[in-house]
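Chain by chain, the residues run as shown.
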Amino acid sequence: MSNLERRYRVLLKVLPRWYRQDREEEMVGIFLAERDDDLDLEHSWPGWGETGAILGLSVRTHLAAGAVLTGVPAKVVWRGEVVRALGMLGLLLGLFYATAAIVSVVVGFGRPYQAPEPWWRVLELGPVVAFAALLNGRRTLAKVAAAAPVLVSMITLGQPGSVLTWSVFQLPSLVTFVCLCLGFHREAPTPPARRLLWWGGGAALLGVVGGFATGVGLLSVGLITVIVRVVAFVRGDFVLGRALSLFAVLQLVPLLFLVVAGGGVLVPAGGLALLLVLAAVAPVRQRVRA
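These lines cover the structure that appears in this document, whether it is placed above or below. (Residues numbered from 1 in each chain as written. Predicted model: local features only at pLDDT ≥ 70, side-chain atom pairs only at ≥ 80, totals over all residues. Heavy atoms only, no water.)

1. Some words on helix α1 (residues 3-11)
Logical step 1: Buried within α1 we find Leu4, Glu5, Tyr8, Arg9 and Leu11. Along α1, the residues classed as buried sweep out an arc of 160 degrees about the axis, all on the same side. (Buried < 20%, exposed > 50% of the residue type's maximum accessible area, 1.4 Å probe, protein only. Helix = DSSP H or I, 4+ residues; strand = E, 2+ residues; numbered from the N terminus. Arc of directions from axis to C-beta.)

Here it is, written out as structure tokens:
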């Protein structure tokens, strides 16, 4: 075996085993076709284009969608669906934050001694654009727009007073943004627009509440997460239940921040944190099909 072939085989290890068992030899053969120069076989490496293609294929196979690939294990299909569901939950959370930001600006407008809002706060509206784009099947635009809150977090790194707050409250959005990028690859299905419009409207409504009182809005998001988690268990919705379990874990970070900060939300935030822990560790039930 030449060094080049060995390097190709190492690269292919990023693909799942079930995929490599059927296609590894064929892929290596294609890569090595017409490369018969001894010096090339000894010292060459896989090209950047080939590496990028393999990494993209790795994402699509590890997070498979429906019947696009053949012979996909059931657990791989479930994994992809859970990641996509978690990405959508994060996008809904982004809608909540975007609406809350709009309301807080409107409420504060015209107050005496009110400092002007920094220009980069416009980036907080990115999830609104991302939500509309994703429901229209425009995945690239959706991912770029969803990255706007990430840029906000990076900008605030230059403002020491805001670093801790932004880091804590944007952590769920950052993690679910990664899920959005990974889960909605080119072979993933477009989310059902009609159903998600209702969820988007609910997230915006909670954002209005959060714009007047940040703690209350965040508590409402956590409470709804727990309620829907129970509904998912009763209905036997494995995908939504697993995604909500992970989403509950992400919400614990900003919620515990409110508990530590104290104030008027200490008791309800502590109680909700306990409920979120239960939602995270509770079993997930899959509906038995006849």
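Alright, that's what it looks like, and here's the rest.
2. Observations concerning the packing of α1 against helix α2 (residues 17-32)
Logical step 1: Their axes nearest at 10 Å, the elements α1 and α2 cross at an angle of 135 degrees. By the angle between their axes, α1 is oblique relative to α2. Crossing of α1 against α2: the hand is right-handed. For the pair α1 and α2, the contacting residues are Leu4, Glu5, Tyr8 and Arg9 in the first and Glu24, Glu25, Val28, Phe31 and Leu32 in the second.
Logical step 2: The class makeup of the residues in the contact of α1 with α2 is 5 nonpolar, no polar and 4 charged. (Axes fitted to C-alpha atoms, helices over the stretch in contact; angles between N-to-C directions. Parallel < 35°, antiparallel > 145°, perpendicular 65-115°, else oblique. Left-handed = near helix turned anticlockwise from the far one by under 90°. Contact = heavy atoms within 4.5 Å. Nonpolar A, V, L, I, M, F, W, Y, C, P; charged D, E, K, R; others polar.)

3. Observations regarding the layout of surface pockets
Logical step 1: Reported here for the largest pocket is a volume of approximately 970 Å³.
Logical step 2: If you list the elements that add at least two residues to the lining of the largest pocket, you get α5 (74-108), α10 (193-212), α11 (214-235) and α12 (238-261).
Logical step 3: Broken down by element, the lining of the largest pocket gets its largest block of residues, 8 residues, from α5.
Logical step 4: Class assignment for the residues of the lining of the largest pocket results in 23 nonpolar, 3 polar and 5 charged. (1 Å grid on protein atoms, 1.4 Å probe; cavity = no way out; pocket = protein on both sides within 12 Å on 5 of 7 lines; lining within 4 Å. Points joined across faces, edges and corners; volume = space filled by probe spheres on them.)

4. A few points about a nonpolar patch on the surface
Logical step 1: Taken together, Leu223, Ile227, Val231, Leu274, Leu275, Val277, Leu278 and Val281 make up a surface patch of nonpolar side chains, about 700 Å² in accessible area.
Logical step 2: Contributing elements (two or more residues each) for the nonpolar patch: α11 and α13 (266-281).
Logical step 3: Among the elements that make up the nonpolar patch, the one with the highest residue count is α13 (5 residues).
Logical step 4: The topology assignment puts Leu223 in helix α11.
Logical step 5: The exposure class of Leu223 is partly exposed, given its relative accessible area of 42%. (Patch = residues over 30% accessible without salt bridge, like charges linked within 9 Å, V, L, I, M, F, W, Y side chains within 5 Å. Areas by Shrake-Rupley, 256 points an atom, 1.4 Å probe, with all protein chains shown as cover. Salt bridge = Lys/Arg side-chain N within 4 Å of Asp/Glu carboxyl O.)

5. Re empty space enclosed by the protein
Logical step 1: Applying the stated criterion across every chain, the model contains 1 cavity of 30 Å³ or more.
Logical step 2: Space inside the largest cavity adds up to approximately 90 Å³.
Logical step 3: Forming the boundary of the largest cavity are 12 residues, of which Gly90, Leu91, Ala146, Ser173 and Phe177 lie nearest the centre.
Logical step 4: Its residues assigned to classes, the lining of the largest cavity shows 7 nonpolar, 5 polar and no charged.

6. Some remarks on the pattern of salt bridges
Logical step 1: Throughout the structure, instances matching the rule amount to 4 salt bridges.
Logical step 2: When the shortest N-O distance is used, the salt bridge between Glu5 and Arg9 registers 2.9 Å. Of this pair, Glu5 and Arg9 both sit in helix α1, separated by 4 residues, roughly a single helical turn. Like Glu5, the residue Arg9 is buried in the burial classification.
Logical step 3: Through salt bridges with shared partners, one network takes in Glu5, Arg9, Glu24 and Glu25.

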